[in-house]
Amino acid sequence: MYYGAIDESGSPGAAKGSEPEFVSLVLVLFKDKEAADEANEQVSRLKRELGKSRDYEFHAKDDNKQIKHAFLDLLNKLDFTFFFVYLRKTPSRRDATYTKLAAELVSKISSSKIRIKSIKMDNNNRLFECLRKQAKMNNVFLKCKQVKSHNYATVQIADYIVNIATRELSGKKVDPIWKQIKKSKRIK
């Protein structure tokens with residue numbers, strides 16, 4: 001049974017600071033609790049190595065180039081896989097966009113036959129409800145819990161993956177390590 005973490009990038013609307021062209025979603029999967037715990041430990045170790053406090057939150061949009069590179073280098077070494085889904089923004093309703101993203105992710109999970117024990121995600125009530133509804137409609141078991149991302153390294157990993165993948169999708173420059181991560185860990 002897999003353990004997962006979800007994060008999104010961009011807002012379906014025109015929120016200030018939002019990704020202007022895409023709304024995207026990632027589900028990072030660890031093959032078991034031990035792999036998720038190891039990821040948490042490795043992220044804690046990196047915080048210590050970088051002189052950051054235990055409460056420091058790795059965040060792709062806020063970290064400087066050196067921290068981004070160190071975190072991506074760590075991600076390249078960790079044992080996980082991920083699904084990435086995205087949509088181009090439209091002037092449609094916010095919930096409709098989250099519904100489409102959730103439906104696409106649930107479809108990928110269903111067709112992969114992966115069984116997931118639990119998922120943690122950053123607080124986003126609209127997305128949370130869309131995921132629950134899509135999972136129920138498609139008979140896919142998703143035990144999802146909203147959490148504060150600064151307490152969960154796995155959610156911080158999901159944040160990095162979704163933000164870097166979306167930057168690349170938008171044609172922006174990304175760290176070369178990203179291509180290795182994407183090639184070895186992305187589930188199509």
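Just above, that's the structure.
Everything numeric here is computed off the predicted structure, so don't read it as measured data.

What counts, and where the lines are drawn
Residues numbered from 1 in each chain as written. Predicted model: local features only at pLDDT ≥ 70, side-chain atom pairs only at ≥ 80, totals over all residues. Heavy atoms only, no water. Phe/Tyr/Trp six-rings, centres within 6.5 Å; stacked < 30°, edge-to-face > 60°. Helix = DSSP H or I, 4+ residues; strand = E, 2+ residues; numbered from the N terminus. Lys NZ or Arg CZ within 6 Å of the ring centre and 35° of its normal. Contact = heavy atoms within 4.5 Å. Buried < 20%, exposed > 50% of the residue type's maximum accessible area, 1.4 Å probe, protein only. Pairing = 2+ DSSP bridges. Salt bridge = Lys/Arg side-chain N within 4 Å of Asp/Glu carboxyl O. Axes fitted to C-alpha atoms, helices over the stretch in contact; angles between N-to-C directions. Parallel < 35°, antiparallel > 145°, perpendicular 65-115°, else oblique. Left-handed = near helix turned anticlockwise from the far one by under 90°. Nonpolar A, V, L, I, M, F, W, Y, C, P; charged D, E, K, R; others polar. Disulfide = S-S within 2.5 Å.

Asks: Explain the packing of aromatic side chains here, please?
Replies: The relation between two aromatic rings is expressed through the spacing of the ring centres and the mutual angle of the planes. In this structure the tally under the stated criterion is 7 aromatic pairs. Aromatic side chains Phe22 and Tyr86 sit 5.7 Å apart centroid to centroid with 85° between the ring planes, which places their arrangement in the edge-to-face category. Placement of Phe22 in strand β2 (residues 22-30) and of Tyr86 in strand β3 (residues 81-88) is noted, with a sequence separation of 64 residues between them. Between Tyr56 and Phe58, the ring centres sit 5.2 Å apart and the planes meet at 85°, which makes this aromatic pair edge-to-face. These aromatic residues form a ring-pair network of at least three members: Tyr56, Phe58, Phe71 and Tyr160. The side chain of Lys185 reaches across the aromatic face of Phe80, ending 4.8 Å from its centre.

Asks: Hey, could you run me through the side chain of Gln134 in this one?
Replies: Locating Gln134 in the fold gives a position in helix α4 (residues 125-137). For Gln134, the residues in contact, after removing those within four places along its chain, are Thr99, Ala102, Ala103 and Val106.

Asks: It is not clear to me how the pairing of β2 should be interpreted in this structure. Could you clarify?
Replies: Each regular strand carries side chains that alternate between the two faces of the sheet. A large share of β2 lies buried, amounting to 9 of its 9 residues. Side chains Phe22, Ser24, Val26, Val28 and Phe30 project from β2 onto one buried face, and the interleaved Val23, Leu25, Leu27 and Leu29 project onto a second face that is buried too. By the bridge criterion, 7 bridges tie strand β1 (residues 2-9) to β2 in an arrangement that is antiparallel. Looking at the pairing, Asp7 lines up with Val26 of β2. Note: β2 against β3, 8 bridges, orientation antiparallel.

Asks: Looking at this model, I keep getting lost on the pattern of salt bridges. Mind explaining?
Replies: Pairing between side chains of opposite charge can happen when the charged atoms of each approach one another. If you walk through the whole model with that rule in mind, you get 7 salt bridges. When the shortest N-O distance is used, the salt bridge between Glu41 and Arg45 registers 3.9 Å. With Glu41 and Arg45 both in helix α1 (residues 33-49) and 4 residues apart, the pair spans about one turn of that helix. Overlapping salt bridges, with partners in common, bring together Glu41, Arg45 and Arg48 in one network.

Asks: What am I meant to see in the environment of Asn124 here?
Replies: Structurally, Asn124 can be placed in the loop between β4 (116-122) and α4. For Asn124, a relative accessible area of 11% puts it in the buried group. Remark: the alpha-carbon pair of Asn124 and Gln146, spanning 22 residues in sequence, is separated by 7.5 Å. Excluding residues that lie within four positions of it along the chain, Asn124 makes contacts with Glu8, Tyr98 and Gln146.

Asks: Quick question: what am I supposed to make of the packing of α1 against helix α2 (residues 65-77) here?
Replies: Across the interface, α1 lies against α2 with an axial gap of 11 Å and an inter-helix angle of 150°. By the angle between their directions, the pair α1 and α2 is classed as roughly antiparallel. For α1 against α2, the interelement crossing comes out right-handed. Counted together, Gln42, Val43 and Leu46 of α1 and Ala70, Phe71 and Leu74 of α2 form the full contact between these two elements. Of the residues contributing to the contact of α1 with α2, the split by class is 5 nonpolar, 1 polar and no charged.

Asks: Help me out: how do you make sense of the state of the cysteines in this one?
Replies: Linking two cysteines covalently via their sulfur atoms produces the bond known as a disulfide. Across all of its chains, the model carries 0 disulfides by this definition. Distance from the sulfur of Cys130, which forms no disulfide, to the nearest cysteine sulfur (Cys144) is 12 Å.

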